[in-house]
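Here's the letter readout for the chains.
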Amino acid sequence: MTVSGPGTPEPRPATSGASSVEQLRKEGNELFKCGDYEGALGAYTQALGLDATPQDQAILHRNRAACHLKLEDYDKAETEASKAIEKDGGDVKALYRRSQALEKLGRLDQAVLDLQRCVSLEPKNKVFQEALRNIGGQIQEKVRYMSSTDAKVEQMFQILLDPEEKGTEKKQKASQNLVVLAREDAGAEKIFRSNGVQLLQRLLDTGETDLMLAALRTLVGICCEHQSRTVATLSILGTWRVVSILGVENQAVSLAACHLLQVMFDALKEGVKKGFQGKEGAIIVDPARELKVLISNLLDLLTEVGVSGQGRDNALTLLIKAVPRKSLKDPNNSLTLWVIDQGLKKILEVGGSLQDPPGELAVTANSRMSASILLSKLFDDLKCDAERENFHRLCENYIKSWFEGQGLAGKLRAIQTVSCLLQGPCDAGNRALELSGVMESVIALCASEQEEEQLVAVEALIHAAGKAKRASFITANGVSLLKDLYKRSEKDSIRIRALVGLCKLGSAGGTDFSMKQFAEGSTLKLAKQCRKWLCNDQIDAGTRRWAVEGLAYLTFDADVKEEFVEDAAALKALFQLSRSEERSVLFAVASALVNCTNSYDYEEPDPKMVELAKYAKQHVPEQHPKDKPSFVRARVKKLLAAGVVSAMVCMVKTESPVLTSSCRELLSRVFLALVEEVEDRGTVVAQGGGRALIPLALEGTDVGQTKAAQALAKLTITSNPEMTFPGERIYEVVRPLVSLLHLNCSGLQNFEALMALTNLAGISERLRQKILKEKAVPMIEGYMFEEHEMIRRAATECMCNLAMSKEVQDLFEAQGNDRLKLLVLYSGEDDELLQRAAAGGLAMLTSMRPTLCSRIPQVTTHWLEILQALLLSSNQELQHRGAVVVLNMVEASRQIASTLMESEMMEILSVLAKGDQSPVTRAAAACLDKAVEYGLIQPNQDGE
């Protein structure tokens, strides 16, 4: 066999029934020859979307691999070649192309295995022999390189620390090489043992940005997943030295230090969890102590004067990730209790700091929100009333210490701290508001003539209006004040906040049309003003954020929703702001979108209960006429046209504590609303919605993960999963889908998950193995007994596709179970779609495991009439599946064949064998031929 060139797609003889696939493949080959690799790729992709045979699919995948090789996209080339190999393990061309891709990706050890397989399949092929020699030489070179790494490490540091080499290309290359070397564990160990940490410390001491970045990135490689090297590094550099780098003004250096500290935290926490022994244990007596030292230094950094605002934010981000338990199932929250005792006051000090005018501590627009999130996570991590009471006591003592005896500046600091608590653990914030004189001071300061005092007071008033009882108090005492501020203030910053306060109070009735705080039309006027502020790009993002906050409250009103989605400029401004550095706007944007799409939880009230409530003169919530499904669908269409998906994808990618679990849940709700209609799903996929849903389904609140998983299921059902979730992403979809099979999910969620898993199970063995690994099979089997016919059918179809895996076949072959019996009985059901699924499973299993054929007559006395009914069905697909099962049984055993031929089955097969040429005819004829071979029947004089 002659191998075509590394990137030459190969022809294939045309087969009947596949002219369109053949035509597209030929078109792709011509485009490839002309050098139009993108065009060729498109043709092959289109052909794959048609009903291609497995052989055609293998060829198309390896042709796509050839295109990707030419386009130098080696990751995709490897993926496509692997798909071809899945279809045909002996495909030397696909193996060769994969080896080329792996070689380019630097994975020489894997590339050489593919080439060795090629040579074993075609020992005389010179192309393979030459390629194997070349790659063998590269591997030897790599070994030599690694053996001389010590000298190279020393040389790299010499160049980096040479003052004469300042700013040269040589120095830049040396720093890049050092970082690359540290990414491999062997390289990181070489650097570490070559006195590397001390030399990296000298690079950090230079203060030069490029050298500091190179040092920090190299340290990441040294510490990554290695506890002993992490502790040694902290010991050499000094914990405070590493932490203090967070506080530098240079944003890139601060972020690099943040990444290093995150890696160090992960290594230390893994040590605490595993409890290392032996060698590691000798180096690290107590990894928990090292962890506390690191956290203690971060807490100290929060209140250190001279630290940059960005550095303070990074420190808060690290504490949010490192301190609270990952799961409430973990009983140990000692780290949280320790941080509350040691550092709660320091966190509150950041939360109470003023950005403008600048105080002693430099903070950013996001600092107070990050402090609120950390406080909220610490409070949520507490397990009992005593722990929560201690938290409240510490907060109240801190606020009192500023409020009492510290003059006006102290009162402002105390009120700002209360605002921080109200945005975080609101229970603590509400208790702080009850402290003597706090609420009265807030109301009084709203009337101050000083802008900074008004800002603090109005914001506190807005946050205090969160609870219904508090809203009614402020409606009585503060609405006139807010209106006066809105109308009379000359400061935009004050007017917009006053407006948001009015918006929040105006939305106190939520979606209940019959409960409105303000007169008819007032909320529309407020919303119009909010949109005006939002669209004014002359105002800074921090102030415009408040306009979004206002809309987040006002969009409970359906009239406001309708006007908002019609305002293209406002939607554009909203989406642009969501992409800005002003990350604290994310929750408000997500809230407004949830309201516009009606993706909050709403249950239609029972009409009988409504009548009863009216009779008892109880309040009955009323839905706005413009919140009916037709209006909601129209709003979703307008949001999609405005680019809502792209904006949400950017929001999901945000690396910020502001993207809380609650915020993620809101985004999941919106995504689910956007994919409700089948015709909208293509738009969502095209704009990256499929990729964005995966992290939402894997992290966040239980409700949020479930909503995102359901959206993933809807996309997987109606689109090509390999296109929607390209590359490795498709394997990440399995776990969220399996989570929808749990009993706490609704019937619709169960059904959609089963349908989606059915599609995935039909794609490749690797996906089937992933489904098995997630322990989905027992749950799928359970749903095969479900009363709801659609769920029962979907589960059976899913099992039919999973039956292609050896492990599932073993389950059916095992003694003492009724799995086979269930499929046989379902093949005789009245539900044609259930019949088709069960018969397909039987056909698959009896083909792969002939021993099952002899067990079919044992599972039910009705087996023969069920098979006869399949063959007599008017549905040709059912006929074909029945014919395949009968053929498998005839070929498996002469005894079974004898039983079949002694029944009416022989007459049925004889009639079917005389029909027009089709798969059913051929299977029937094959059954009769086998019976003749056994000597059970004789052909007639015509040889039939």
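Residues numbered from 1 in each chain as written. Predicted model: local features only at pLDDT ≥ 70, side-chain atom pairs only at ≥ 80, totals over all residues. Heavy atoms only, no water.

A. Structural context of the overall build of the protein chain. Counting its secondary structure elements, the protein chain contains 56 helices and zero strands. Counting the 944 residues in the protein chain, one finds 53% classified as buried. Within the protein chain, contacts between residues separated by at least 24 positions form 68% of all contacts whose residues are at least 6 apart in sequence. Accessible area of the protein chain: about 43500 Å², with a carbon and sulfur share of 50%. (Helix = DSSP H or I, 4+ residues; strand = E, 2+ residues; numbered from the N terminus. Buried < 20%, exposed > 50% of the residue type's maximum accessible area, 1.4 Å probe, protein only. Contact = heavy atoms within 4.5 Å. Areas by Shrake-Rupley, 256 points an atom, 1.4 Å probe, with all protein chains shown as cover.)

B. Spatial organisation of the environment of Asn333. With respect to the helices and strands, the residue Asn333 is situated in the loop between α18 (309-322) and α19 (334-351). Overall, Asn333 belongs to the buried group, its relative accessible area being 4%. Expressed as a C-alpha distance, the spacing of Asn333 and Leu378, which sit 45 residues apart in the sequence, is 9.5 Å. Among residues more than four places away in sequence, those in contact with Asn333 are Arg325, Asp381, Leu382, Lys383 and Glu387.

C. Broad picture of the side chain of Arg25. Along the chain, Arg25 turns up in helix α1 (residues 19-33). Taking the relative accessible area as the measure of exposure, Arg25 reaches 3% and is therefore buried. Polar contacts involving the side chain of Arg25 include one to the side chain of Glu22, which spans 2.3 Å. (Polar contact = N/O pair within 3.5 Å; in protein donor to acceptor, adjacent residues only side chain to side chain.)

D. Structural context of the pattern of salt bridges. Considering all chains together, one arrives at 45 salt bridges under this definition. As a salt-bridge pair, Lys346 and Asp300 come within 2.5 Å of each other at their nearest N and O atoms. Within this pair, whereas Lys346 is found in helix α19, its partner Asp300 is found in helix α17 (residues 287-302), the two being separated by 46 residues in sequence. In this structure, the salt-bridge partner of Lys930 is Glu933, at a minimum N-O distance of 3.3 Å. You can see Lys930 and its partner Glu933 sitting in helix α56 (residues 919-934), three residues apart, about one turn around the helix. Among the ionic contacts, a cluster of salt bridges with common partners joins Lys561, Glu562, Asp627 and Arg635. (Salt bridge = Lys/Arg side-chain N within 4 Å of Asp/Glu carboxyl O.)

E. A look at the packing of helix α24 (residues 438-445) against helix α25 (residues 451-464). Viewed as axis vectors pointing N to C, α24 and α25 meet at an angle of 125°, and their least axial separation amounts to 8 Å. Here α24 is positioned oblique relative to α25, judged by the angle of their axes. The handedness of the crossing between α24 and α25 comes out as left-handed. For the pair formed by α24 and α25, the contact residues are Met439, Val442, Ile443 and Leu445 on the first element and Glu453, Gln454, Ala457, Ala460, Leu461 and Ala464 on the second. (Axes fitted to C-alpha atoms, helices over the stretch in contact; angles between N-to-C directions. Parallel < 35°, antiparallel > 145°, perpendicular 65-115°, else oblique. Left-handed = near helix turned anticlockwise from the far one by under 90°.)

F. The UniProt feature "repeat: TPR" (unreviewed entry) in the protein chain, seen in detail. Within the UniProt annotation, "repeat: TPR" (unreviewed entry) is assigned to residues 92-125. Strand forms 0% of residues 92-125 and helix 79%; the C-alpha atoms that close the span are 11 Å apart. (UniProt positions renumbered as here; feature names shortened; annotations may be inferred.)

G. Inspection of the nonpolar core at higher detail. Counting 259 residues, the largest nonpolar core has Ile295, Phe671 and Leu674 as the members making the most contacts within it. Looking at this core element by element, the count peaks at ten residues for helix α15 (residues 251-274). Residue contributions to this core reach at least three from each of two domains, namely domain 2 (160-271) and domain 3 (324-435). What Ile295 contacts, discounting residues up to four positions off in sequence, is Phe265, Leu319, Val323, Leu335, Trp338 and Val339. (Core = buried A, V, L, I, M, F, W, Y, C linked by side-chain atoms within 4.5 Å. Domains from an automatic or database assignment.)

H. Focus on helix α49 (residues 819-826). Turning to α49, its buried residues are Leu820, Leu822, Leu823, Val824 and Tyr826. Contacts made by the buried residues of α49 are with α47 (789-802), α48 (806-813), α50 (832-848), α51 (856-859) and α52 (863-871).

I. Structural context of the packing of aromatic side chains. Scanning the entire structure with this criterion turns up three aromatic pairs. Ring centres of Phe32 and Tyr37 lie 5.1 Å apart, and the angle between their planes is 65°; on these two criteria the pair is classed as edge-to-face. Taking the relative accessible area as the measure of exposure, Phe32 reaches 8% and is therefore buried. In this structure, Lys411 is placed above the aromatic ring of Phe403, and the distance from its NZ or CZ to the ring centre is 4.9 Å. (Phe/Tyr/Trp six-rings, centres within 6.5 Å; stacked < 30°, edge-to-face > 60°. Lys NZ or Arg CZ within 6 Å of the ring centre and 35° of its normal.)

J. Broad picture of α47. Under the 1.5 Å per step criterion, the end-to-end length of α47 is 20 Å for 14 residues, consistent within 8% with the ideal 20 Å. In terms of residue burial, α47 counts as a mostly covered element, since twelve of its 14 residues are buried. Of all the positions in α47, only Ile791, Arg792, Arg793, Ala794, Ala795, Thr796, Glu797, Cys798, Met799, Cys800, Asn801 and Leu802 are classed as buried. Among the structural elements, α44 (747-761), α45 (765-773), α46 (777-783), α48, α49 and α50 are those in contact with the buried residues of α47. (Expected span 1.5 Å × (residues − 1).)

K. Expanded view of unusual backbone geometry. Residue Glu72 is not a glycine yet carries a positive backbone phi of 60°. Looking at the secondary structure, you find Glu72 in the loop between α3 (54-70) and α4 (74-87). With a phi close to 50°, Asn598 is a non-glycine residue in the positive phi region. Checked against the element boundaries, Asn598 lands in the loop between α33 (586-596) and α34 (607-615). Judged by its relative accessible area of 17%, Asn598 falls in the buried class.

L. Region of interest: the packing of helix α29 (residues 522-535) against helix α30 (residues 541-554). With their axes 8 Å apart at the nearest point, α29 and α30 run at an angle of 150° to one another. Between α29 and α30, the interaxial angle falls into the category roughly antiparallel. As α29 packs across α30, the resulting crossing turns out to be left-handed. Across the interface between the two elements, Thr523, Leu526, Ala527, Cys530, Arg531, Trp533 and Leu534 from α29 touch Arg544, Ala547, Val548, Gly550, Leu551 and Leu554 from α30.

M. Up close: the environment of Leu820. Here Leu820 lies in helix α49. For Leu820, a relative accessible area of 2% translates into the label buried. Separated by 39 residues in sequence, Leu820 and Val859 have C-alpha atoms that sit 7.5 Å apart. Other than its neighbours up to four places away in sequence, Leu820 contacts Phe812, Leu842, Leu852, Arg855, Ile856 and Val859.

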